[in-house]
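Residues per chain are reported as follows:
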Amino acid sequence: MAAAVDLNADLGEGFGAWNHGDDEAMLAVVTSANMACGFHAGDPALLLRTCRQAAARGVRVGAQVSYRDLAGFGRRFIDVSPEDLAADVMYQIGALQALAHAAGTTVAYVKPHGALYNAIVSHREQATAVAAAVAAIDARLPVLGLAGSALFEEADRLGLRTVAEAFADRAYQPDGTLVSRREPGAVLHDPAEIADRVARMVTAGEVTAVDGSVISVTVDSVCVHGDSPGAVQIATTVRERLTDVGITLAAFS
């Protein structure tokens, strides 16, 4: 059983006049903030403000990089060339690094978002491009993602640290991948059910997949989606449940 685990959420995902989630409230609960970098969401003023709030709360900031897909919120696969994808990832990390620096904090890790996250579980060329982009910017930056993914294999090859993530509010396929958001039941909503599920993942290293099978999961960090309905309540309930079973909430070191 893990003695400590990170709790992360996707933040900074509004744009201009459009709000998306309660970032300030989530920052009071999570230990790491996956910050949008402008390609799927997040305008510069919002990201600077959210980085400042994270710094004030002592919450670690990560760059949540994505396809160039603002209209689709980064949830559509794009068959981009490895060269273009690597440059896009570098650009996003660099932009957030500048804003984080101005806010008195730093970018401490990288996490792909949405369709890119799912694609590089198995898409070798794009996984290689993302890992190479992170290594080119700063080989000390850990990569947050799915254990056993092509991204982790490529990151390991380049000497990058990998941090295994589990999802509090997403259903799992029997092979350990996430159920597509297009499928019914892909996103979970009951805070108590989610909290019990997370406690089992962290303490026992297992979760029940959609077909009823029990699969193994590796958990260094738990993600609660900041844009889910009731996200703050879910994150709070998860945090309380983990504390109740003796798990310390702390950013991965």
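Please refer to the structure higher up on the page.
First, a word on what this report is: a plain description of the structure on this page. (Residues numbered from 1 in each chain as written. Predicted model: local features only at pLDDT ≥ 70, side-chain atom pairs only at ≥ 80, totals over all residues. Heavy atoms only, no water.)

**Remarks on helix H2 (residues 44-57)**
Residue pairs three or four apart in sequence face the same way in an α-helix, which turns once every 3.6 residues.
And then number 1: Between its terminal C-alpha atoms H2 stretches 20 Å, which fits the 20 Å expected from 14 residues at 1.5 Å a residue.
And then number 2: Looking at the buried side of H2, the elements it contacts are strand S1 (4-11), helix H1 (23-26), strand S2 (32-36), strand S3 (60-65) and helix H3 (82-102).
And then number 3: Sitting at the head of H2, Asp43 places a side-chain oxygen 3.2 Å from the backbone nitrogen of Ala45.
And then number 4: Looking one or two residues past H2, Gly58 carries a phi angle of roughly 75°, positive in sign. (Helix = DSSP H or I, 4+ residues; strand = E, 2+ residues; numbered from the N terminus. Expected span 1.5 Å × (residues − 1). Contact = heavy atoms within 4.5 Å. Polar contact = N/O pair within 3.5 Å; in protein donor to acceptor, adjacent residues only side chain to side chain.)

**Focus: the pairing of S2**
And then number 1: Within S2, five of the five residues are buried, leaving the element largely enclosed by the surrounding structure.
And then number 2: Residues Ser32, Asn34 and Ala36 point to one face of S2 and Ala33 and Met35 to the other, with burial holding for every one of them.
And then number 3: As defined by bridge partners, S1 adjoins S2 across four bridges and the pair is classed as parallel. When the bridges of S2 are listed, Leu11 appears paired with Met35.
And then number 4: Note: S2 against S3, five bridges, orientation parallel. (Buried < 20%, exposed > 50% of the residue type's maximum accessible area, 1.4 Å probe, protein only. Pairing = 2+ DSSP bridges.)

**A look at the pattern of salt bridges**
And then number 1: All told, the structure shown has 10 salt bridges when counted by the stated rule.
And then number 2: Arg200 is paired through a salt bridge with Glu206; the nearest N and O atoms lie 3.1 Å apart.
And then number 3: Classification of Glu206 as partly exposed rests on a relative accessible area of 28%.
And then number 4: Several salt bridges converge on common partners, so that one network encompasses Arg124, Glu153, Glu154 and Arg157. (Salt bridge = Lys/Arg side-chain N within 4 Å of Asp/Glu carboxyl O.)

**Comments concerning the side chain of Thr105**
And then number 1: Following the sequence through the fold, Thr105 ends up in the loop between H3 and strand S4 (107-112).
And then number 2: Ignoring any residue separated from it by four or fewer positions in sequence, one finds Thr105 in contact with Cys51, Ala55, Val61 and Ala100.

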